Amino acid sequence: MLKHIYRIIILVAIFIASLNYFSKDIKEVVFDIDNTTVMEEATFPLVTIKTEEEVINLLHGYSSNLDANKLREFVTPLGLGQEYEVIINQKEYDIKKLNYEIREFLNNELIESDSVSVFQDQGEEKIAKIKFHTELIPEKEYAVKITLISSKSQKMYYYHRIKIYEDAHLREQLSFIRDIHNATFNKKAAQDITKYLEYDPESDATSLAYVNIHSSFDLITWGNLKPVILTKIVPSVIEIYSDIAMVRLDYFIEAEIDGNAEQFQVTEFYRVRYSENRMFLLNYERWMEAQFDVNLASIAKSQFKLGISSNYQIPYLSSADGKKLAFVRNRELWFYNMDTNEIFKVFSFRQQETDYIRDLYDQHDIRILNMDAEGNMDFIVYGYMNRGQYEGKVALILYRYIRAENRNEELVYIPVDEPYQTLKENIGEFAYVNSRNVFYFHMYHNIYSYDLITRKLSSLTDGVEKDQVVVLDDLNYVAWQDKADPKLAENIYIIDMESGEIHTVSTKPGYNILLMDKIDSNIIYGYVKKEDMITHVDGRGLNPLSEVEIISVDKKVLKRYKESGYFVRDLIVNDNIVELFRLQKVENGDKVNYIQASLDYIMNQVRKETPLIEVTTRVTEQALTELYLTLPSGFAMTELPKISSTVNTIISQDPTVRLSEVDQDMTYYYPYIQGRIEGAYKEAAGAIEVARDQVGVVLDSNMQLIWERGVKVNSKTISGFDHLNWLTSSNNTMEICLKLLLNHQGVSVSQDRLSLAHRSALDLLSEYSKHPPVRLTGITLDDALYYVSTNRPVIAMTNTEDAVLIYGFDAFNIMVINPKLNKVERMGLNDSAKLFEEAGNVFISILY
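Parameters and conventions
- Residues numbered from 1 in each chain as written.
- Predicted model: local features only at pLDDT ≥ 70, side-chain atom pairs only at ≥ 80, totals over all residues.
- Heavy atoms only, no water.
- Helix = DSSP H or I, 4+ residues; strand = E, 2+ residues; numbered from the N terminus.
- Rg over C-alpha atoms; globule rule 2.2 N^0.38 Å.
- Buried < 20%, exposed > 50% of the residue type's maximum accessible area, 1.4 Å probe, protein only.
- Contact = heavy atoms within 4.5 Å.
- Areas by Shrake-Rupley, 256 points an atom, 1.4 Å probe, with all protein chains shown as cover.
- Axes fitted to C-alpha atoms, helices over the stretch in contact; angles between N-to-C directions.
- Parallel < 35°, antiparallel > 145°, perpendicular 65-115°, else oblique.
- Left-handed = near helix turned anticlockwise from the far one by under 90°.
- Patch = residues over 30% accessible without salt bridge, like charges linked within 9 Å, V, L, I, M, F, W, Y side chains within 5 Å.
- Salt bridge = Lys/Arg side-chain N within 4 Å of Asp/Glu carboxyl O.
- Pairing = 2+ DSSP bridges.
- Core = buried A, V, L, I, M, F, W, Y, C linked by side-chain atoms within 4.5 Å.
- Phe/Tyr/Trp six-rings, centres within 6.5 Å; stacked < 30°, edge-to-face > 60°.
- Lys NZ or Arg CZ within 6 Å of the ring centre and 35° of its normal.
- pLDDT = per-residue confidence, 0-100.
- Polar contact = N/O pair within 3.5 Å; in protein donor to acceptor, adjacent residues only side chain to side chain.
- Expected span 1.5 Å × (residues − 1).

## Notes on the overall build of the chain
And then number 1: In terms of regular secondary structure, the chain is built from nine helices and 59 strands.
And then number 2: Rg of the C-alpha trace for the chain: 30 Å, near the compact-globule value of 29 Å for 848 residues, within the 12% margin.
And then number 3: Taken along the three principal axes of its C-alpha coordinates, the chain extends 105 × 70 × 70 Å.
And then number 4: Looking at the chain residue by residue over its 848 residues, the buried ones come to 54%.
And then number 5: For the chain, restricting intrachain contacts to residue pairs at least 6 apart in sequence, the fraction spanning at least 24 positions comes to 57%.
And then number 6: For the chain, the exposed surface amounts to about 38,700 Å²; the carbon and sulfur share of it is 46%.

So, in structure tokens, the structure goes:
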């Protein structure tokens, strides 16, 4: 008997010891659905880079092993020795090994990999030295992945870029930037930097939320605030060239306003140029964003203070009676019960004892999907997970907030293999959970439905892009076009997301049907005759609509537009007006063209709804313009709301839903501005325009560099085009230019295979070119010369029929081969820019 008792005691001891051991690695032990927990704090190490004796580029770790070329993180300039130091702030980990690999951005081709297991200890930090042995091409970007391995074999991944320079002048540039930054906090010292500023009396003088190089001295030096910096500032190098650097400073400050301590997230952007004689400040911008604090609410006016901010948008949702309100601010989700004057922080990565760096990392967002009468709601969190059980993952997570128990229940976890910056562009405008617990969402050009009960994932359609989906939020309907290619589009589908019922609107014989937009919860589409559709020489399609209809969700035609001799190229909805951009057909023998015609309009009655809440402003002498959130009319806040936080349910089922890999046929272009992607464009021209205006670069879906602002040289001549060895038997000037562009790449193709009779120039280049072609139609000549500057000829149309090849330029002229005139010639910059603009600014080049 005693033997059995000892055996039981030993087994219990082993069980307790096992729990204690495994709990070190398993953060949430699952017992049953009733267990709840608070979110674990951030634990991942932070990494910085030391090069040219400067510590730069604070990197956050991923627990997902992403392809190095999928991320465009900060860039590190290296000298000809090709070496630098990795500084590891271990935090809660003991790092024993570092692996690294360097890859090409194009195709992710591995160049070199190695490991480091001997570190230099420096307090809580470890330092690893990396030296690349493969000779790298100067000024070319490479992708680097660093893998940290802990004493418990846990792996964390860090990403950045490198470029080799004999001397990038980083130390001088960062010293100059620090001098300006420090001077802004001291009005007396700031007198020394006025020579670098470009004050414009027309600039906004009413807000501290955004200042730039043109702002007043007083605003640049923080006005009447006396801010105190709360965090260590590590410069982030966004782009770097032989003499120009783009650098971002991110930090938090605290300032006393009306007797209350308020905190702000601040971002500064610098673009500076080095010269031997002096430094130049080309751009300076600063944003400050107040951190939402319930305790700063204005009881007298029943308003929540949003503070100094340039963000007037506040996503919100309310219960049907308007007494319960949820809103998102600073990537935190709040729920306010106006009946009880209680406010709940439903979701936030902010820790009780914040370090401002890991928990407040801003690479995620929150979207509220619905709310019922009791205040229960569904919401999604997507992007980089700062802490908790998914720390370091990139994912989309569906949560349900259960109001009565003040807890969040995780319903769906969708891991993805890309960073937040591209994920946000790949998530559609709608996500919806209906009363039958079916979750609808649009990701990666697919519309999915996921049954939360049966856990079955279905794809309703694929190949549907963002602009081919119309969301009718108030009716819970979504419409989409069946095919992305207008030449194949024959149906529009309309789904009732509550019932799951799908209605179809089909085209007419001889026509295609194109989904265009919505107005007042109704759908706008148009019919285009197959014989009217044309493809331009650069591959762009023109789909002139001969008829436009507005229908309700039950397919009742409410309005129809059709006018003899006119076609609709595009339309825009402004309030209750549909603005139609019209064309007229011009036929010349067997050739058909369309010319611009006058605008026309469709008038529609739109219901005006008064928003439940509004953002209003107040102006004070100390803080200037501040934002406030005005609560519903008739509500009176008698005292500060009681604040609570939610807990998370420990779930007993694995909520993971894995999406099958989707082939991305469509290339998108991303303007990369100050380290962030600002939109996705089907045409390179749209992204280039944003990058030009906001001082950035353009990337494509493969993270390949497409265009850069401010790096074009003053003059350039591409060799091999200065003599007449290009004459061919073709009379088509575009076909001759195609052959010249292929010859430049060392590709020999017979002229008859370059016929444009049935294919566009872009199609032919896609087949025969050694390097991918890029359509640049819509950019300016000055923007196009970036390609010539980087040794890539550009084909340009001079009218609807003829093309020239641009192979050089200087301060006054461009050098072109003009097949129509059978000669090499110089054209004045202004004259040629006007000529190309009148021809539609049609440009084609190639990517290296």
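## Considering the packing of helix α6 (residues 733-744) against helix α7 (residues 761-768)
And then number 1: In the contact formed by α6 and α7, the axes pass within 11 Å of each other and the chain directions differ by 25 degrees. Classified by the interaxial angle, the pair formed by α6 and α7 is roughly parallel. Seen along the crossing, α6 lies across α7 with a hand that is right-handed. Across the interface between the two elements, M734, L738, L741 and L742 from α6 touch A761, L764, L765 and Y768 from α7.

## Focus: unusual backbone geometry
And then number 1: Here S302, not a glycine, exhibits a phi torsion of approximately 55 degrees, which is positive.
And then number 2: As for its placement among the helices and strands, S302 is situated in the loop between β17 (279-290) and β18 (303-307).
And then number 3: Positive phi outside glycine occurs at M703, with the angle close to 65 degrees.
And then number 4: Note that M703 resides in the loop between β51 (697-700) and β52 (705-708).

## Things to note about a nonpolar patch on the surface
And then number 1: Together, L599, Y601 and M603 line one region of the surface with nonpolar side chains, adding up to about 290 Å² of accessible area.
And then number 2: Counting through the fold element by element, L599 comes out in the loop between β43 (591-596) and β44 (600-603).

## A few points about the sheet that holds strand β11 (residues 155-164)
And then number 1: Pairing within the open sheet is mixed, and its five strands lie in the order β4-β11-β10-β6-β7. Looking at which strands have only one partner, the edges of the open sheet turn out to be β4 (75-78) and β7 (110-116). Strand after strand, the sheet turns through a mean of 25 degrees between neighbouring axes, direction not considered.
And then number 2: As defined by bridge partners, strand β10 (residues 142-150) adjoins β11 across eight bridges and the pair is classed as antiparallel. Across the sheet, Y142 pairs through a bridge with I162, a residue of β11.

## Things to note about the pairing of strand β33 (residues 491-496)
And then number 1: Where burial is concerned, most of β33 is hidden: five out of the six residues are buried.
And then number 2: Bridge count between strand β32 (residues 477-481) and β33: five bridges; the pairing is antiparallel. Across the sheet, residue Q481 finds its bridge partner in β33, namely I492.
And then number 3: The pairing of β33 with strand β34 (residues 502-506) spans five bridges and is antiparallel. Bridge pairing in β34 places Y493 opposite T504.
And then number 4: Remark: five residues form the turn of the hairpin made by β33 and β34, two consecutive strands paired antiparallel; G500 in that turn has positive phi of roughly 85 degrees.

## Digging into the nonpolar core
And then number 1: Grouped together as the largest cluster of nonpolar side chains are 119 residues, with contacts concentrated most on V86, L98, F132, I146, L281 and F439.
And then number 2: Looking at this core element by element, the count peaks at nine residues for strand β15 (residues 244-257).
And then number 3: Ranked by size, the runner-up nonpolar core spans 59 residues in total, among them F721, V804, I814 and M815.

## Regarding the packing of aromatic side chains
And then number 1: This model, assessed by the stated rule, comprises 35 aromatic pairs.
And then number 2: With a centroid separation of 6.1 Å and an interplanar angle of 40 degrees, the aromatic rings of F335 and F344 are classed as tilted. The two residues F335 and F344 agree in class, both being buried.
And then number 3: A centroid spacing of 5.3 Å and a plane angle of 20 degrees characterise the contact between F379 and Y399, whose relative ring orientation is stacked. Of the two residues, F379 sits in strand β24 (residues 377-384) while Y399 sits in strand β25 (residues 394-402), which places them 20 residues apart along the sequence.
And then number 4: The class for F379 is buried, based on a relative accessible area of 0%.
And then number 5: In this structure an aromatic cluster arises from ring pairing among F292, F304, F327, W334, Y336 and F635.
And then number 6: Seen from the ring of Y628, R618 lies directly overhead, with NZ or CZ sitting 3.8 Å from the centre.

## Focus: the confidence of the model for the chain
Reading predicted coordinates in detail is not appropriate for stretches of low pLDDT.
And then number 1: Residues of the chain with pLDDT of at least 70 account for 94%, and the chain-wide mean is 92.
And then number 2: Scored below 50 in pLDDT, residues 1-6 makes zero contacts in the model with residues more than four places away or belonging to other chains.
And then number 3: Segment residues 8-33: pLDDT under 50, and 15 contacts once partners within four positions in sequence are set aside and those in other chains are kept.

## Focus on the pattern of salt bridges
And then number 1: Under the criterion given, the structure shown has 44 salt bridges.
And then number 2: Residue E239 is joined to R161 by a salt bridge in which the shortest nitrogen-to-oxygen separation is 3.3 Å. Taken together, the residues E239 in strand β14 (residues 236-240) and R161 in strand β11 connect sequence positions 78 residues apart. Residues E239 and R161 agree in their burial class; the two are buried.
And then number 3: Salt bridges here are not isolated pairs; linked through shared partners, they connect R72, E141, R161 and E239.

## Overview of the environment of K424
And then number 1: When you line up the elements, K424 lands in helix α4 (residues 420-426).
And then number 2: Through-space distance from the C-alpha of K424 to that of Q363 is 9.7 Å; in sequence the pair is 61 residues apart.
And then number 3: Contacts of K424, omitting those with residues within four sequence positions, involve Y382, K466 and I677.
And then number 4: Separated by 2.8 Å, the side chains of K424 and E425 make a polar contact.

## Brief notes about the sheet that holds strand β29 (residues 446-451)
And then number 1: In spatial order, the strands read β27-β28-β29-β30; together these four strands make up an open sheet with antiparallel pairing. The open sheet has two free edges, formed respectively by β27 (427-433) and β30 (456-461), since each of these has just one partner strand. Averaged over all pairs of adjacent strands, the angle between strand axes in this sheet comes to 15 degrees, irrespective of strand direction.

## Brief notes about α6
And then number 1: With twelve residues, α6 extends 17 Å from end C-alpha to end C-alpha; this agrees with the ideal 16 Å at 1.5 Å per step.
And then number 2: With ten of its twelve residues buried, α6 lies for the most part within the structure.
And then number 3: When α6 is considered as a whole, its buried residues turn out to be T733, M734, E735, I736, C737, L738, K739, L740, L741 and L742.
And then number 4: Here the buried face of α6 lies against α7, β55 (794-797), β56 (803-809), β57 (813-818) and β59 (843-846).
And then number 5: Capping the start of α6, N732 holds a side-chain oxygen 2.9 Å from the backbone nitrogen of M734, two or three residues further along.
And then number 6: G746 lies just past α6 and shows a positive phi near 80 degrees.

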